[in-house]
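# Overview (structure and organization)
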Amino acid sequence: MMQLTRGPVEAMEAAATWRAEGHSLALVPTMGALHEGHLSLVRAAAAKCDRVAVSIFVNPAQFSEGEDLDRYPSTPERDLGLLEKTGVDLVFAPGSRDMYPAGFSTWIDVEDLSGRLCGAFRPGHFRGVATVCCILFDIFRPDVAVFGQKDAQQLAILKRMVRDLRLGILIVPCPIVREPDGLAMSSRNALLSPVERAEAPAIFSGLTRAGELAGGPGAVSAQEIVGRFLEALSPHTALKVQYAELVDPDSFEPLEELDSRGLLAVAVHAGSVRLIDNVLLERGKGIVEVWNC
Ligand code: PAF
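In this text the structure is predicted, and so the values were computed from the model without any measurement.

### Brief notes about the overall build of the protein chain
On a plain count of helices and strands, the protein chain comes out with eleven helices and twelve strands. Against the 2.2 N^0.38 benchmark of 19 Å for 293 residues, the protein chain shows a C-alpha radius of gyration of 19 Å, consistent with a compact globule. Its C-alpha atoms put the protein chain at 55 × 40 × 40 Å along the principal axes. Within the span of the protein chain, comprising 293 residues, buried residues form 52% of the whole. Here the contacts in the protein chain between residues at least 6 apart in sequence split such that 72% fall between residues at least 24 apart. Working note: accessible area of the protein chain is about 13200 Å², and carbon and sulfur atoms make up 51% of it. Charge-centre separation for the protein chain: the mean point of 28 positive side chains lies 1 Å from the mean point of 38 negative side chains.

### Side note on the site of the ligand
Around the ligand, the neighbouring residues are Pro29, Thr30, Met31, Asn59, Gln62, Val129, Val132, Phe147 and Gln154. The contact in question runs from an oxygen atom of the ligand to an N or O atom on the side chain of glutamine 62, over 2.6 Å. The contact in question runs from an oxygen atom of the ligand to an N or O atom on the side chain of glutamine 154, over 2.7 Å. Protein coverage of the free-state accessible area of the ligand, which is 290 Å², stands at 88%. Where the shell around the ligand is concerned, the elements lending two or more residues are strand E2 (25–30) and helix H7 (125–140).

### A few points about helix H11 (residues 222–233)
Counted at 1.5 Å a residue, the expected span for H11 with its twelve residues is 16 Å, and the 17 Å between its end C-alpha atoms agrees. Within H11, the full set of buried residues consists of Ala222, Ile225, Val226, Phe229, Ala232 and Leu233. The arc that holds every buried residue of H11, seen down its axis, measures 120°, which confines them to one face. In the core, the buried residues of H11 are packed alongside helix H10 (202–212), strand E7 (220–221), strand E8 (239–247), strand E9 (257–258), strand E10 (261–270) and strand E11 (273–282).

### A look at the sheet that holds strand E3 (residues 51–56)
Pairing between the strands of a sheet comes from backbone hydrogen bonds, and it takes one of two forms, parallel or antiparallel. Here we have six strands laid out as an open sheet, ordered E1-E4-E3-E2-E5-E6, and parallel in their pairing. Edge positions in the open sheet fall to strand E1 (3–5) and strand E6 (170–174), since each of these has one partner strand only. The mean inter-strand angle of the sheet, taken between neighbouring strand axes irrespective of direction, is 25°. Most of the contacts of helix H8 (residues 152–164) go to E6, to which it runs at about 170°, and overall it touches strand E5 (144–148) and E6.

### Structural notes on the pairing of E6
Within a regular beta strand, the side chains point alternately toward one face of the sheet and then the other, so they alternate between its two faces. For E6, a buried count of four out of five residues is recorded, marking the element as mostly surrounded by other parts of the structure. Here E5 runs beside E6; their pairing, made up of five bridges, is parallel. If you follow valine 144 over to E6, its bridge partner there is leucine 170. Handedness of the E5-H8-E6 crossover: right-handed.

### What about the side chain of aspartate 277?
For aspartate 277, the position within the fold is in strand E11. Judged by relative accessible area, aspartate 277 falls into the buried class, the value being 4%. Separated by 2.9 Å, the side chains of aspartate 277 and arginine 178 make a polar contact.

### Considerations on the nonpolar core
Generally speaking, nonpolar side chains in soluble globular proteins are found buried as a group. Residues Met99, Phe137 and Phe140 are the most contacted members of the largest nonpolar core, which totals 47 residues. Per element, the largest residue contribution to this core is eleven residues, and it comes from H7. Residues in contact with phenylalanine 137, not counting those within four places in the same chain, are Leu27, Pro142, Ala145, Phe147, Met161, Val162, Leu167, Ile169 and Ile171. The next biggest cluster of nonpolar side chains, apart from the first, holds 26 residues, and it includes Ala210, Ala244, Leu258 and Leu275.

So, how was this worked out
Residues numbered from 1 in each chain as written. Predicted model: local features only at pLDDT ≥ 70, side-chain atom pairs only at ≥ 80, totals over all residues. Heavy atoms only, no water. Helix = DSSP H or I, 4+ residues; strand = E, 2+ residues; numbered from the N terminus. Rg over C-alpha atoms; globule rule 2.2 N^0.38 Å. Buried < 20%, exposed > 50% of the residue type's maximum accessible area, 1.4 Å probe, protein only. Contact = heavy atoms within 4.5 Å. Areas by Shrake-Rupley, 256 points an atom, 1.4 Å probe, with all protein chains shown as cover. Lys, Arg positive; Asp, Glu negative; His and termini not counted. Charge placed at Lys NZ, Arg CZ, Asp CG, Glu CD. Near = heavy atom within 4 Å. Polar contact = N/O pair within 3.5 Å; in protein donor to acceptor, adjacent residues only side chain to side chain. Expected span 1.5 Å × (residues − 1). Arc of directions from axis to C-beta. Pairing = 2+ DSSP bridges. Axes fitted to C-alpha atoms, helices over the stretch in contact; angles between N-to-C directions. Right-handed = clockwise from strand over helix to strand, strands pointing away. Core = buried A, V, L, I, M, F, W, Y, C linked by side-chain atoms within 4.5 Å.

Quick look at the structure:
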């Protein structure tokens with residue numbers, strides 16, 4: 001029977017009981033409006049540990065002024081039904097005051113990785129993500145926490161936080177789950193107009209075309225790879241590229257050329273909806289999938 005709690009103390013107690021009984025625990029942090037991508041994280045969590053907790057919390061601290069906090073999709077009933085069917089043991093759905101009591105003033109800033117790519121366009125975003133995950137990790141003390149590779153920079157930041165603060169949690173990345181037309185699944189896809197939804201799969205086709213350049217034996221410049229992506233997107237007038245960059249998959253430092261592996265990461269606006277996506281490229285192979293759970 002799935003347990004639902006809004007209180008951090010109850011969640012803490014449930015996790016502590018499991019630990020005392022000798023169970024391992026995996027946590028899947030989410031902001032709700034769940035889709036198949038989230039469910040793949042839950043399944044990966046269940047394969048790693050014998051208890052699975054999912055948090056549902058639209059974290060205000062990771063949205064800045066003017067972003068889509070107020071219209072972030074919310075489907076609470078449906079989410080609970082899906083999680084129950086997927087075999088989750090506990091859902092933690094706190095309110096803002098549970099997570100950030102009055103007077104809250106402690107923040108986690110993973111300085112090295114937070115300023116580039118998404119961080120350059122969403123000031124404070126990763127500080128909000130790192131802080132809320134740190135609070136969740138403290139509540140649950142999980143053995144494992146599972147995150148999707150679509151938010152590749154978030155994953156790298158959380159791995160670094162866990163390492164730097166010696167939290168002793170295994171961060172498990174899971175592959176991006178795509179719609180049949182290639183669009184990366186995202187809760188924000190629900191906000192797309194029919195025209196934007198029809199054009200949005202061009203993001204993944206652009207990444208695929210750019211990835212083809214990596215398939216040859218020779219070195220290829222980041223400029224050529226990014227140029228190929230931009231060229232593929234240019235006929236799609238509903239889409240505006242915010243950034244497209246080839247970066248080192250671990251440090252997120254920009255690469256001049258693809259010597260071995262590189263992450264081609266992009267953010268694209270479809271109207272007012274911001275979508276992110278990425279592919280991992282390997283010289284001589286093209287797009288590679290190594291983000292096994
Ligand atoms: O990826 C998300 O949904 C959020 O950034 C997370 C990790 C749940 C933190 O609010």
